[in-house]
Amino acid sequence: MEKPQEKSTPTSSLLLAFRLESRPVLLIGGGPVSHSRLIHLISCGSHITLISPTITSEISSLISSSNSSPFPSKITYLKRLYKGESDDIKVKDFSIVLTAIDDPIISKETYELCKFHRIPINVADVPDLCDFYFGAQFKKGLIQVMVSTSGKGPRVGAMIRDIIEDCLPEELESSVEGVGILRKELREKVPGIGGDKSKKRMEWMKSICDAWGLDNLKLFKEEKIREWVFINGWEKDRVVRPDQIPWNEMPEEIRIQYRKGMKKDKRVGKLDVGGTEMFFGLLGWVLGTALGALFMLGLAMLISWYMSHKS
Ligand SMILES: C[C@@]1(CC(=O)O)c2cc3[nH]c(cc4nc(cc5[nH]c(cc(n2)[C@H]1CCC(=O)O)[C@@](C)(CC(=O)O)[C@@H]5CCC(=O)O)C(CC(=O)O)=C4CCC(=O)O)c(CCC(=O)O)c3CC(=O)O
Ligand SMILES: NC(=O)C1=CN([C@@H]2O[C@H](COP(=O)(O)OP(=O)(O)OC[C@H]3O[C@@H](n4cnc5c(N)ncnc54)[C@H](O)[C@@H]3O)[C@@H](O)[C@H]2O)C=CC1
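Keep in mind that this is a model prediction, so the values were computed, not measured.

## Remarks on the overall build of the chain
Then comes step 1: Each helix and strand counted, the chain has nine helices and seven strands in total.
Then comes step 2: Going through the 311 residues of the chain one by one, you find that 34% of them count as buried.
Then comes step 3: Across the chain, contacts joining residues at least 24 apart in sequence account for 60% of those joining residues at least 6 apart.

## With respect to the UniProt feature "domain: Siroheme biosynthesis protein Met8 C-terminal" (unreviewed entry) in the chain
Then comes step 1: Following the UniProt record, one finds the feature "domain: Siroheme biosynthesis protein Met8 C-terminal" (unreviewed entry) at residues 169-239.
Then comes step 2: Annotation note: span residues 169-239, helix share 70%, strand share 0%, distance between end C-alpha atoms 26 Å.

## Digging into the site of ligand 1
Then comes step 1: Taken together, 18 residues lie near ligand 1, and Arg 37, Phe 134, Thr 149, Gly 151 and Arg 155 sit nearest.
Then comes step 2: With respect to ligand 1, the backbone of Phe 134 contributes an N or O atom lying 2.8 Å from an oxygen atom.
Then comes step 3: Measuring from an oxygen atom of ligand 1, one finds a side-chain N or O atom of Arg 161 at 3.0 Å.
Then comes step 4: Computed on the free molecule, ligand 1 has an accessible area of 1,100 Å², of which 60% lies beneath the protein chains in the complex.

## Examining unusual backbone geometry
Then comes step 1: Despite not being glycine, Ser 22 shows a phi value in the positive range, around 65°.
Then comes step 2: Looking at the secondary structure, you find Ser 22 in the segment before strand E1 (24-28).
Then comes step 3: What makes Ser 22 partly exposed here is its relative accessible area of 42%.
Then comes step 4: Even without glycine at this site, Ser 150 takes up a positive phi of about 55°.

## Some words on the nonpolar core
Then comes step 1: Membership of the largest hydrophobic core comes to 23 residues, with the highest contact counts inside it found for Trp 204, Trp 212, Phe 220, Ile 225, Val 229, Ile 245 and Trp 247.
Then comes step 2: Where this core is concerned, the elements lending two or more residues are helix H5 (172-189), helix H6 (195-216), helix H7 (223-232) and helix H8 (252-264).
Then comes step 3: Per element, the largest residue contribution to this core is five residues, and it comes from H6.
Then comes step 4: Among the nonpolar cores identified, the runner-up in size contains 16 residues, and Ile 28, Tyr 82, Phe 94 and Tyr 111 belong to it.

## Some remarks on a nonpolar patch on the surface
Then comes step 1: Judged by side-chain polarity, Phe 295, Met 296, Leu 299, Leu 302, Ile 303, Trp 305, Tyr 306 and Met 307 come together as a nonpolar surface patch covering roughly 910 Å² of accessible area.
Then comes step 2: Structurally, the position occupied by Trp 305 is in helix H9 (residues 273-310).

## Examining the UniProt feature "domain: Siroheme synthase central" (unreviewed entry) in the chain
Then comes step 1: Feature annotation in UniProt assigns "domain: Siroheme synthase central" (unreviewed entry) to the following positions: residues 143-166.
Then comes step 2: Annotated as 54% helix and 21% strand, the span residues 143-166 places its first and last C-alpha atoms 14 Å apart.

Cut-offs applied
Per chain, residue numbering runs from 1 following the sequence as it is written. Whichever chain is written first is A, and whichever ligand is written first is 1; the rest continue in order. Note on the predicted model: pLDDT of at least 70 is required for a residue's local features to be given, and 80 or more for side-chain atom pairs to be given and counted; whole-chain, interface and lining totals, by contrast, use all residues. In computing side-chain values, all of the structure's heavy atoms are included and hydrogens and water are not. In DSSP terms, a helix is any run of H or I states spanning at least four residues, a strand is any run of E spanning at least two, and both are numbered starting from the N terminus. Exposure categories follow from relative accessible area, calculated using a 1.4 Å probe and restricted to protein chains: below 20% of the type maximum is buried, above 50% is exposed, and the middle band is partly exposed. Contacts were defined at the residue level, with two residues in contact if any of their heavy atoms lie within 4.5 Å. UniProt positions are given in the numbering used here, feature names are shortened, and annotations may be inferred rather than shown by experiment. Definition of nearness: a residue and a molecule or strand are near each other if at least one heavy atom of the residue lies within 4 Å of the molecule or strand. Whenever a nitrogen or oxygen atom comes within 3.5 Å of another N or O atom, the pair is scored as a polar contact, on the condition that within protein one atom can donate a hydrogen and the other can accept it, and that pairs from neighbouring residues in sequence are kept only if both atoms are in side chains. Here the Shrake-Rupley method, with its probe set to 1.4 Å, supplies the accessible areas, and only the displayed protein chains count as covering residues. Here, nonpolar core refers to any group of buried Ala, Val, Leu, Ile, Met, Phe, Trp, Tyr and Cys residues whose side-chain atoms link them within 4.5 Å. Each patch is built from salt-bridge-free residues with over 30% relative accessible area, joining like charges within 9 Å and nonpolar side chains (Val, Leu, Ile, Met, Phe, Trp, Tyr) within 5 Å. The salt bridge definition used is simple: a Lys or Arg side-chain nitrogen within 4 Å of an Asp or Glu carboxyl oxygen.

As structure tokens, then:
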């Protein structure tokens, strides 16, 4: 009889945002996979040592343009084969190691060296030799999204990534920027880490994000709005909502931005008290009218009863 397959729950990976700015990274190989790794590493601002006897023309142009890149990355290119353990370049001198070569022996040797020195390594397309996998990812300004399929379907991961990328509204980049400026200024005005101050700061920021909603948060790029919210919100221990801003006192271009956001933004925050207030207002009006009508009816009945008994 066939033995039933053992059921095991597949483990997931710990998805992190690894900060590699100014950190040394070893990249081995000069083909298309190495090119895609290089693009990611440059935007991280890492210091890359690239070893490969051949490189694609795309890698070659990245190397030439790296000095004029807006990111503080550096590329040191060594045009030769990497020799593994006997190489002058030592894996222990790097924060992470990435290989994308068509030499399984050197790949395995590099993996063993990294294991020995406890340096995290990714051997492209060899899951057993990976401490971490790459995922399908995209970057929109400060927003980064990565999809992992736990190694099961990288192409499907890329397809899922495309769906997410397509449906993310452009303005989200501005909202992240806006909220970033507001947070920075708040921390400058109310400095300190931990304790009650920090707790209050976090609670206030949380409520502001919820009350303003994704789209409106971009308005915090405007100094006038931040100033108003600090004076009338933070300093008075209140969470102000966008509908409380005296928009007629704000410059025209800010008013237009707000109106545009109001038309579009269906993802209003949890503190969308504007809608709640309207609901209770309406309920009050209906109840008030009904009570008034009942009172009038009672009065009419009383008068008619009095009249009939009088005569
Ligand atoms: C485990 C992992 C380890 C790692 O490399 O980090 C891995 C492993 C393997 N990839 C293989 C093949 C392909 N890989 C791609 C593409 C990508 N592969 C990426 C990541 C990962 N690939 C990690 C898991 C990610 C996850 O968890 O989802 C992406 C997402 C990110 C990136 O590499 O940057 C990038 C898309 C990025 C983009 O489009 O933007 C394509 C499609 C294509 O080229 O368009 C194919 C051919 C189609 C196919 O096979 O599905 C094979 C079989 C080799 C063989 O058959 O010989 C293995 C080995 C195995 O599965 O055993
Ligand atoms: N993720 C993906 O989409 C794909 C991944 N692969 C796998 O990824 C690996 C890399 O693929 P590609 O980027 O297409 O590269 P490739 O196979 O086109 O070229 C390999 C590169 O590695 C260099 N190289 C070989 N041995 C080296 C050594 N000892 N030291 C330094 N450099 C060395 C070569 O000079 C060349 O630049 C391969 O193992 C391949 O099987 C292959 C096709 C698709």
